[in-house]
Amino acid sequence: MNAVVVYESYWGNTASIASAIAEGLGGGAQAITTDLASDQVLALAQLIVVGAPLLGFTLPTDTMRKTLPGKMDAPSRADVDHPSMRAWLAAMPAGSGRFASFETRLKRSPGAATKRIEKGLEAAGRTRLLERERFLVGGTYGPLLDGELERARQWGAALAEAMGRTH
Ligand SMILES: Cc1cc2nc3c(=O)[nH]c(=O)nc-3n(C[C@H](O)[C@H](O)[C@H](O)COP(=O)(O)O)c2cc1C
């Protein structure tokens, strides 16, 4: 099974979860940023797992992204070097594979980033494999709560198993 994990991440929490999911998926699956997730990579992928942080109650908008490098209370400068997940989804070529989506976020917050992600992937013709998943941080910039990386590995393994059942 050819699977790839594509993520948007400003302070590394979503990137860490993406890597743990790729580990759980096994079979050489990799976690990559939007600029590396080219049409060629997507054409080969039977499963695309897509994740982003929940910012301002939704998938980060262009307006939100512009404010991130100026956050004075952040532990590091926001990584805005890659195309946004919104832009990547809008440019996604049509395909027939499966997908799953996840977000990193605080425990108690309205909104979801995964709703938008699912919409974009479905618009491109892909079919959901499992329910969307959320992974939790303890504060505005992280860190991930204890056990979340292990849960991400397990979710990756569950995705691989579900793919096995559908093929
Ligand atoms: C400007 C800003 C807005 C945020 N808005 C929300 C929000 O609406 N809901 C939520 O649950 N978490 C919110 N968070 C927390 C992030 O979702 C969380 O830190 C996420 O893991 C960041 O992912 P990253 O490190 O991959 O960029 C916000 C964080 C920042 C810095």
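Residues numbered from 1 in each chain as written. Predicted model: local features only at pLDDT ≥ 70, side-chain atom pairs only at ≥ 80, totals over all residues.

1. Quick word on the overall build of the chain
Point 1. Tallying secondary structure elements over the chain gives six helices and six strands in all.
Point 2. For the chain, the sequential pattern of α-helices and β-strands runs β-α-β-α-β-α-α-β-α-β-β-α.
Point 3. Dimensions of the chain along its principal axes, counting C-alpha atoms only, are 50 × 35 × 25 Å.
Point 4. In the chain, the share of contacts with a sequence separation of at least 24, taken over all contacts with a separation of at least 6, comes to 79%. (Helix = DSSP H or I, 4+ residues; strand = E, 2+ residues; numbered from the N terminus. Contact = placed C-beta atoms within 7 Å.)

2. A few points about the pairing of strand β1 (residues 3-7)
Where a strand is regular, its side chains alternate between the two sheet faces.
Point 1. Counting buried positions along β1 gives five out of five residues, so the element sits mostly inside the fold.
Point 2. Alternating positions in β1 separate into two faces, A3, V5 and Y7 on one and V4 and V6 on the other, with burial throughout.
Point 3. Sheet analysis places β1 next to strand β3 (residues 47-53), joined by five bridges and oriented parallel. Of the residues in β3, the one forming a bridge with Y7 is G51.
Point 4. Sheet topology note: the β1/strand β2 (residues 30-33) ladder contains four bridges and is parallel. Opposite V5, over in β2, you have A31 as the bridge partner.
Point 5. Each parallel crossover has a hand, and the one from β1 via helix α1 (residues 13-25) to β2 is right-handed. (Buried ≥ 20, exposed ≤ 12 C-beta atoms within 10 Å, placed from the backbone. Pairing = 2+ DSSP bridges. Right-handed = clockwise from strand over helix to strand, strands pointing away.)

3. Some details on the site of the ligand
Point 1. The immediate surroundings of the ligand are formed by 21 residues, with S9, N13, T14, P53 and S109 found nearest.
Point 2. Only α1 and β4 (98-105) provide two or more residues apiece to the shell around the ligand.
Point 3. Top contributing element to the shell around the ligand by residue count: α1, with three residues.
Point 4. The residue inventory of the shell around the ligand, partitioned by class, reads ten nonpolar, ten polar and one charged. (Near = placed C-beta within 6 Å. Nonpolar A, V, L, I, M, F, W, Y, C, P; charged D, E, K, R; others polar.)

4. Points about the packing of α1 against helix α6 (residues 148-166)
Point 1. With their axes 6 Å apart at the nearest point, α1 and α6 run at an angle of 40° to one another. One element, α1, and the other, α6, form an angle in the oblique class. The interaxial crossing formed by α1 with α6 has right-handed handedness. Residues S16, I17, A20, I21, A22, E23, G24 and L25 of α1 form the contact with α6, whose own contacting residues are E148, L149, A152, R153, Q154, W155, G156, A157, L159 and A160.
Point 2. Each residue belonging to the contact of α1 with α6 can be placed in one class, and the counts come to eleven nonpolar, four polar and three charged. (Axes fitted to C-alpha atoms, helices over the stretch in contact; angles between N-to-C directions. Parallel < 35°, antiparallel > 145°, perpendicular 65-115°, else oblique. Left-handed = near helix turned anticlockwise from the far one by under 90°.)

5. Structural notes on α1
Point 1. Between its first and last C-alpha atoms α1 spans 19 Å; for 13 residues at 1.5 Å apiece the expected length is 18 Å, and the two agree.
Point 2. Counting buried positions along α1 yields eleven of 13 residues, so the element is predominantly enclosed.
Point 3. For α1, the full list of buried residues reads N13, T14, A15, S16, I17, A18, A20, I21, A22, G24 and L25.
Point 4. Against β1, β2, β3, β4, β6 (133-136) and α6 lie the buried residues of α1. (Expected span 1.5 Å × (residues − 1).)

6. Here we look at the environment of A94
Point 1. Secondary-structure assignment places A94 in the loop between α4 (85-90) and β4.
Point 2. Along the primary structure A94 and E122 are separated by 28 residues, whereas in three dimensions their C-alpha atoms are 9.5 Å apart.
Point 3. When near neighbours in sequence (up to four residues on either side) are disregarded, A94 contacts A124 and G125.

7. So, the nonpolar core
Point 1. Among the nonpolar cores identified, the biggest contains 42 residues, and V5, I21, L47 and V49 are the most heavily contacted of them.
Point 2. If you list the elements that add at least two residues to this core, you get β1, α1, β3, α4, β4, α5 (114-123) and α6.
Point 3. If you tally residues by element for this core, the top one is α1, at seven residues.
Point 4. Other than its neighbours up to four places away in sequence, I21 contacts V5, A31, V49, A152, W155 and G156. (Core = buried A, V, L, I, M, F, W, Y, C linked by C-beta atoms within 7 Å.)

The quantities given are spatial measurements derived from coordinates; they are silent on function.
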